[in-house]
Each structure stands twice: as C-alpha cells, then as structure tokens.
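# Examining the three-dimensional arrangement
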Amino acid sequence: MRELSFFSEGARIAAHLYPASPTDGRPAPGVVLCHGFTGIKEWLLPPFANAFARAGITSLTFDYRRFGRSDGERGKLVPADQVDDIRNAVTFLSGLPGVDPARIGLWGTSFGGANVLVAGAIDPRVKAVISQVPFGSGKRLLESQGADGAIAEIVAADRARRVTEGKGERLPASMFAGEELRTYFERAYAECRELAIDLELATVDRIAGWIPELYVPMLAPRALLVVACELDATTPVSEARSIFRLAGEPKRLEVLPGLGHFGIYEGKGFDLGVRAEIEFLLEHL
C-alpha cells in the first residue's frame, strides 16, 4: 500500500493505492473504492482493496472531502460533492503508471454503493460498477431508519435557522443512524477515533433528496453488480432489488443469506462477496 494524494475541486484528497500483483505484463485494470456514511479509507476497505490487488486489479481508496485526512470543513456531507470526488479519483487512478485507463471500475459500499450508481451513470470512462449494500432512495432510507414527523419538524426548524442565521445545528454522526448502524459505529469508534465526527443536521435534508436510483437506467451498457445482505436493517435488501430491476443489461444481483448490513465485511460474508466481486471485475474490465 502506498500513501498518495490528489485534488478534488481544489481540496486535497488523502488516498491509498494498492498496486496490482504482476500478471501478464500489460497495464492493470483499476477500481476506485468508495466508502459509506462518514467512512474513511482505513476502516473496512483494506481487505477488499488487498483482495482486488492480489487478483490483478490496482485499487484506490480515499477519504471524501471533509472526512478523514482530506481537506475541507469537518462533517459537511454533500452527496453530489462525493460524486465529484469519485470522478476525480477516476481521473487520478487512470493517469497512474501501470494502470489501463480504458479498464476502470467503481466499487462502493452502503452510502458509497449509492454514490457509485450516480458516478458510473454520468462518467463514460467507467466500465463496470459494483454497488454493495446500497440504497436507491434517500427518503426511503430515512423512513426505514425510523424518521418520523417529529424529526421532520426538527429538520424544518433547522433549515429555517440556516437561512436566517447562516448556521444550523450539528450532531454526532451516530445520531443519524439506525440501531444496527449505531451499534456498529460505537464499537468502531473505539478502534478508530477518526471516525467519530459531528455532522450538520442539514445532512438529513441532503439524504432525503438523494435518489441514486434515478440514474440507474443510464448505467447500461456498463455492467452492474449489486450485492446485498438478506437481513440488512440499515439498507434493506428491497433497496438492492429495486436498483436491480431498474438497471439494464448486463447486470447481476447477489443476495448473501442470513447476514445483516455489516456481515459482508468479515468472515463468510466477506469471502462470498469478494469472490463474486473479483469474478465480476475480471469479466468486465
């Protein structure tokens, strides 16, 4: 692994590169790995990046603007900006020695699994997209996490405050999560303090208006693999099925049985998921 950086709309982006193991001497295909909600490159992603690199696919992980070790105002989560960061990561990876710019894919997990649907649909350089435990509608996602009328009133009041006073409320990122995600975050914070961050309450507004599935029909003829977990309480499997129905060919859906949202990051879930993802990338890149 090598530490690198590039720029996205003027902000320095911290990145890690996992060069492909030598294969046939040709430039290697590349894949940009895109993290989920408030995630950073050191958390959960290295096992995937290492597995792809061993399979002959150069892999790039990075911190979105305003998170991890990248530049920007801490905790300002703007999905459209994250899509720009992904596209700039594609530009960076494509220009590295030993990488074939004609064979670049995207891999995203959770919130990143939603982001790559948009980035892949609007960027013609992308040849294949893996969307892991994603959501297609931010509004449905919030509803599945228990967002109700009381929360809507709080968000509306904060919106008015931002307009009249220029600044809204901030809350710990774990407060935006459902029970499954919150429990996992609390454990992760003990291992990686950099994950613990406050977010603007405006984040709820931005998520509610983020509808990646609108872009899904635009992905074809680029290949799409959707990987879901059967018992996911954070991004329900119904979200993955909705995305899959909207996509054109070539497409593939893998539902991992008996697993919750985080089951794909370790043990048997990881083994099953990464095997399917490597097979997909080698076929389509």
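Residues numbered from 1 in each chain as written. Predicted model: local features only at pLDDT ≥ 70, side-chain atom pairs only at ≥ 80, totals over all residues. Heavy atoms only, no water.

With respect to the secondary-structure elements, Gly-108 resides in strand E5 (residues 99-109). Considering only alpha carbons, one finds Gly-108 and Ile-130, 22 residues apart in sequence, at a separation of 6.3 Å. Setting aside residues no more than four positions away along its own chain, Gly-108 makes contact with Cys-34, Gly-113, Val-116, Ile-130, Ser-131 and Gln-132. (Helix = DSSP H or I, 4+ residues; strand = E, 2+ residues; numbered from the N terminus. Contact = heavy atoms within 4.5 Å.)

Here we come to helix H9 (residues 267-284). Working note: α-helix, 3.6 residues per turn, so residues spaced by three or four point in the same direction. The terminal C-alpha atoms of H9, which comprises 18 residues, lie 26 Å apart, in line with the 26 Å expected from a rise of 1.5 Å per residue. Turning to H9, its buried residues are Gly-269, Phe-270, Gly-273, Val-274, Ala-276, Glu-277, Ile-278, Phe-280 and Leu-281. (Expected span 1.5 Å × (residues − 1). Buried < 20%, exposed > 50% of the residue type's maximum accessible area, 1.4 Å probe, protein only.)

What follows concerns the layout of surface pockets. If you add up the space inside the largest pocket, you get close to 530 Å³. What lines the largest pocket is a set of 24 residues, among which Leu-142, Met-175, Phe-176, Ala-177 and Val-204 lie closest to the centre. If one sorts the elements of the lining of the largest pocket by residue count, helix H5 (residues 149-165) sits on top with three residues. When its residues are assigned to classes, the lining of the largest pocket shows 17 nonpolar, six polar and one charged. (1 Å grid on protein atoms, 1.4 Å probe; cavity = no way out; pocket = protein on both sides within 12 Å on 5 of 7 lines; lining within 4 Å. Points joined across faces, edges and corners; volume = space filled by probe spheres on them. Nonpolar A, V, L, I, M, F, W, Y, C, P; charged D, E, K, R; others polar.)

A separate point is empty space enclosed by the protein. Going through the model one piece at a time under the given rule, you end up with one cavity of 30 Å³ or more. In this model, the largest cavity occupies a volume close to 80 Å³. The wall of the largest cavity is formed by His-35, Gly-36, Phe-37, Trp-43, Leu-44, Thr-109, Ser-110, Leu-181, Phe-185, His-261, Phe-262 and Tyr-265. Residue composition of the lining of the largest cavity, grouped by class: seven nonpolar, five polar and no charged.

A separate point is the sheet that holds strand E2 (residues 11-18). Across the sheet, eight strands lie side by side as E1-E2-E4-E3-E5-E6-E9-E10; this open sheet has mixed pairing. The open sheet terminates on both sides in strands that have one partner only, identified here as strand E1 (2-8) and strand E10 (251-256). The sheet shows a mean angle of 25° between the axes of neighbouring strands, taken without regard to direction. With six bridges connecting them, strand E9 (residues 223-229) and E10 associate as parallel partners. Residue pairing for E10: Ala-228 is matched across the bridge by Val-255. Against the sheet, H9 contacts strand E3 (28-34), E5, strand E6 (126-132), E9 and E10, and its axis sits at roughly 165° relative to E6. (Pairing = 2+ DSSP bridges. Axes fitted to C-alpha atoms, helices over the stretch in contact; angles between N-to-C directions.)

This part takes up the packing of aromatic side chains. Per the counting criterion, the structure on display carries 10 aromatic pairs. Between the aromatic rings of Phe-6 and Phe-92, the centroid separation amounts to 5.0 Å while the plane-to-plane angle is 20°, which identifies the pairing as stacked. Residue Phe-6 is found in strand E1, and its partner Phe-92 is found in helix H2 (residues 79-94); the two are separated by 86 residues along the sequence. Here the two residues Phe-6 and Phe-92 agree in accessibility, since each one is buried. Pairing Phe-48 with Trp-107 gives two aromatic rings, centres 4.9 Å apart and planes at 45°, and the pair type is tilted. With a gap of 59 residues between them, Phe-48 in helix H1 (residues 46-54) and Trp-107 in strand E5 connect regions that are remote in the sequence. (Phe/Tyr/Trp six-rings, centres within 6.5 Å; stacked < 30°, edge-to-face > 60°.)

Here we take up unusual backbone geometry. Look at the link from Ala-220 to Pro-221: it is a cis peptide, with omega at 10°. Among the structural elements, Pro-221 can be located in the loop between helix H7 (202-208) and E9. The phi dihedral of Arg-66 is positive, around 75°, even though this residue is not glycine. Following the sequence through the fold, Arg-66 ends up in the loop between strand E4 (58-62) and H2. Residue Arg-66 is classed as buried on the basis of its relative accessible area of 12%.

Okay, the pattern of salt bridges next. The full count for this structure, using the stated rule, is 20 salt bridges. Asp-85 serves as the salt-bridge partner of Arg-65, at 2.7 Å between the closest nitrogen and oxygen. Here Asp-85 lies in helix H2 and Arg-65 lies in the loop between E4 and H2, a separation of 20 residues in the sequence. Across the pair, Asp-85 and Arg-65 agree in class, each one buried. The salt bridge involving Glu-73 is made with Arg-170; its shortest N-O contact spans 3.6 Å. Here Glu-73, found in the loop between E4 and H2, pairs with Arg-170, found in strand E7 (residues 170-172); they are 97 residues apart in sequence, far enough to count as distant. A residue is classified by how much of its surface remains accessible, and Glu-73, at 44% relative accessible area, is partly exposed. Here the residues in one salt-bridge network are Asp-158, Arg-159, Arg-162 and Asp-205, joined through shared partners. (Salt bridge = Lys/Arg side-chain N within 4 Å of Asp/Glu carboxyl O.)

What follows covers the pairing of E6. Across the seven residues that make up E6, a large majority, six, are buried. Examined bridge by bridge, E5 and E6 share six bridges and lie parallel to one another. Following the sheet pairing, Thr-109 is matched in E6 by Gln-132. Note on the crossover from E5 through helix H3 (residues 111-122) to E6: the handedness is right-handed. (Right-handed = clockwise from strand over helix to strand, strands pointing away.)

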